[in-house]
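What follows is the residue order along each chain.
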Amino acid sequence: MKIRKHLESLPPYTPIEPFEILSARIGRSADKIIKLDANENPYGPLPVVREALGKLDFPHIYPDPESRVLRKSLSAFIGIGEEYLLAGQGADELIDLLMRIFLEPNDCILSCPPTFGMYSFDAELNAARCIEVPRRADFSLDMDAIRKAVETYQPKLLFVATPKLPDASMLYSKTMYELLSMPTLIVLDEAYIEFAGDNLGASLSRIREVPARENLIVLRTFSKWAGLAGLRIGYGAFPLWLMPTLWKSKQPYNVNVAASVAAQVSLEHADELANIVELLKNERARLFVALQEIPYLTPHPTQSNFILCKVIERDASELKARLAYEHGVFIRYFNKPGLRDHIRISVGRPQDTDVLLNALRSL
């Protein structure tokens, strides 16, 4: 018996580990760990969401395969018709679904590393190639190189995030329109948009442009702003010509009833979530100023719920390890080109910031 040949060399995706695993690894109880490594919302779901999850009426019944109630709520929240919307088991499922729909073996996508690792992972999983156009030293997109790559390789999909990964800055409007002028399908990942601009990112999001464009897809998630990372719930806005294929290609019951209810209740209380987002944005500003005073760190300005920092004249991986084992503070370190001298710190609660800063100063 043999597996598909391309999977033999598929590199595994390295996920962030949960509290109980981290706790066992360093010998600290979970309540003594400061987890700032996965850009999760430290406040978690709203109390009203937790209450609703405890009162699920039909957990024993298969969920609505079309997520109709959720899509209606999303339509009102975003301001576009529900016929453009599809919910998924996190935005990750929708990324993989797009690749399964569009990619034949040896077809290609285009991404701009360093960026979200799922783009290249899912391409390889689907026996396709990921053409990479590295970012410039300041993490901006190399538009000349992107244009040349599109002409040369004719990628089926071009993935780009805004706020951008890894530095959490926004794409310029000029850059966005240049991308949309190219002969490929642009997949805009707005996982962190609610932390940018005003009104939960509404002033900066491109999602309302989807109905007017044939080559724009926008993906969003409840993981970050709504604190639902553990329930895996996201959604996307797609051109109408693509929707029939999406509907027949997705798993029938892809969004479970708990995730669907949690997302619906979150949308009903979006004003309360907006207040929590503002708390995190205020803490982000405080943390950014404080990190500038750490002599071996240079933080990048950010429009998200994390801060990327360049580590100066010391080993970034060692810094991550010492924070974890000596102080119980977990941050992200990426062992990949362009980021080997960088760490990423999620914005936590004020008490989390205090512990982090005391640890950084002691080191």
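Preceding this section is the structure that the text describes.
Residues numbered from 1 in each chain as written. Predicted model: local features only at pLDDT ≥ 70, side-chain atom pairs only at ≥ 80, totals over all residues. Heavy atoms only, no water.

**Looking at helix α9 (residues 257-268)**
Here α9 spans 17 Å end to end across 12 residues, near enough to the 16 Å set by a 1.5 Å rise per residue. Three or more residues of α9 are buried, namely Ala258, Ala259, Ser260, Ala262, Ala263, Gln264, Val265, Ser266 and Leu267. If you follow the buried residues of α9, they end up packed against α2 (47-53), α3 (68-78) and α10 (270-292). (Helix = DSSP H or I, 4+ residues; strand = E, 2+ residues; numbered from the N terminus. Expected span 1.5 Å × (residues − 1). Buried < 20%, exposed > 50% of the residue type's maximum accessible area, 1.4 Å probe, protein only. Contact = heavy atoms within 4.5 Å.)

**Section: the packing of aromatic side chains**
According to the stated counting rule, one finds eight aromatic pairs in the structure shown. Their ring planes at 5 degrees and their centres at 5.6 Å tell us that Phe77 and Trp225 sit as a pair that is stacked. Placement of Phe77 in helix α3 and of Trp225 in the loop between β7 (216-221) and β8 (234-237) is noted, with a sequence separation of 148 residues between them. Given a relative accessible area of 24%, Phe77 falls into the partly exposed group. Taking relative accessible area as the criterion, Trp225 reaches 0% and is therefore assigned buried. By way of ring pairs, the aromatic residues Phe77, Phe222, Trp225 and Tyr235 are connected into one cluster. Over the aromatic face of Phe306 sits the side chain of Arg344, whose NZ or CZ is 5.4 Å from the ring centroid. (Phe/Tyr/Trp six-rings, centres within 6.5 Å; stacked < 30°, edge-to-face > 60°. Lys NZ or Arg CZ within 6 Å of the ring centre and 35° of its normal.)

**Structural notes on the sheet that holds strand β10 (residues 306-311)**
For sheets, the rule is that strands pair by backbone hydrogen bonds, running either parallel or antiparallel. Spatial ordering of the open sheet is given by β9-β10-β13-β12, a layout of four strands whose pairing is antiparallel. Pairing within the sheet leaves two strands with one partner each, and these edge strands are β9 (297-299) and β12 (332-333). Inspection of the sheet shows β12 paired to strand β13 (residues 342-346) by two bridges, in the antiparallel sense. Following the sheet pairing, Tyr333 is matched in β13 by Ile343. (Pairing = 2+ DSSP bridges.)

**Remarks on the environment of Arg28**
Looking at the secondary structure, you find Arg28 in the loop between α1 (19-26) and β1 (34-35). For the pair Arg28 and Lys164, spaced 136 residues apart in sequence, the C-alpha separation works out to 34 Å. Leave out the neighbours within four places in its chain, and Arg28 touches Ser23, Ile33, Ala324, Tyr325, Glu326, His327 and Gly328. Polar contacts involving the side chain of Arg28 include one to the main-chain carbonyl oxygen of Glu326, which spans 3.0 Å. (Polar contact = N/O pair within 3.5 Å; in protein donor to acceptor, adjacent residues only side chain to side chain.)

**Re the pairing of strand β3 (residues 108-111)**
Every second residue of β3 is oriented toward a common face, with Cys108 and Leu110 on one face and Ile109 and Ser111 on the other, all of them buried. Once the chain exits β3 it traverses helix α5 (residues 118-125) before rejoining the sheet at strand β4 (residues 129-132), and the crossover so formed is right-handed. Relative to strand β5 (residues 157-161), β3 is paired through two bridges, and the arrangement is parallel. Along β5, the bridge assignment pairs Ile109 with Leu157. (Right-handed = clockwise from strand over helix to strand, strands pointing away.)

**Quick word on the sheet that holds β5**
Read across the open sheet, the seven strands follow the order β2-β8-β7-β6-β5-β3-β4; overall the sheet is mixed. Every other strand in the sheet has two partners, leaving β2 (85-88) and β4 as the edge strands with one partner each. Averaged over all pairs of adjacent strands, the angle between strand axes in this sheet comes to 25 degrees, irrespective of strand direction. Bridge analysis of β7 against β8 gives four bridges, and the strand direction is antiparallel. Each residue of the ladder has a partner; that of Val218, found in β8, is Ala237. Helix-sheet contacts for helix α6 (residues 143-153) involve β3, β4 and β5, and the interaxial angle to β3 is about 180 degrees. (Axes fitted to C-alpha atoms, helices over the stretch in contact; angles between N-to-C directions.)

Bear in mind that shape data such as this cannot, by itself, settle questions of function.
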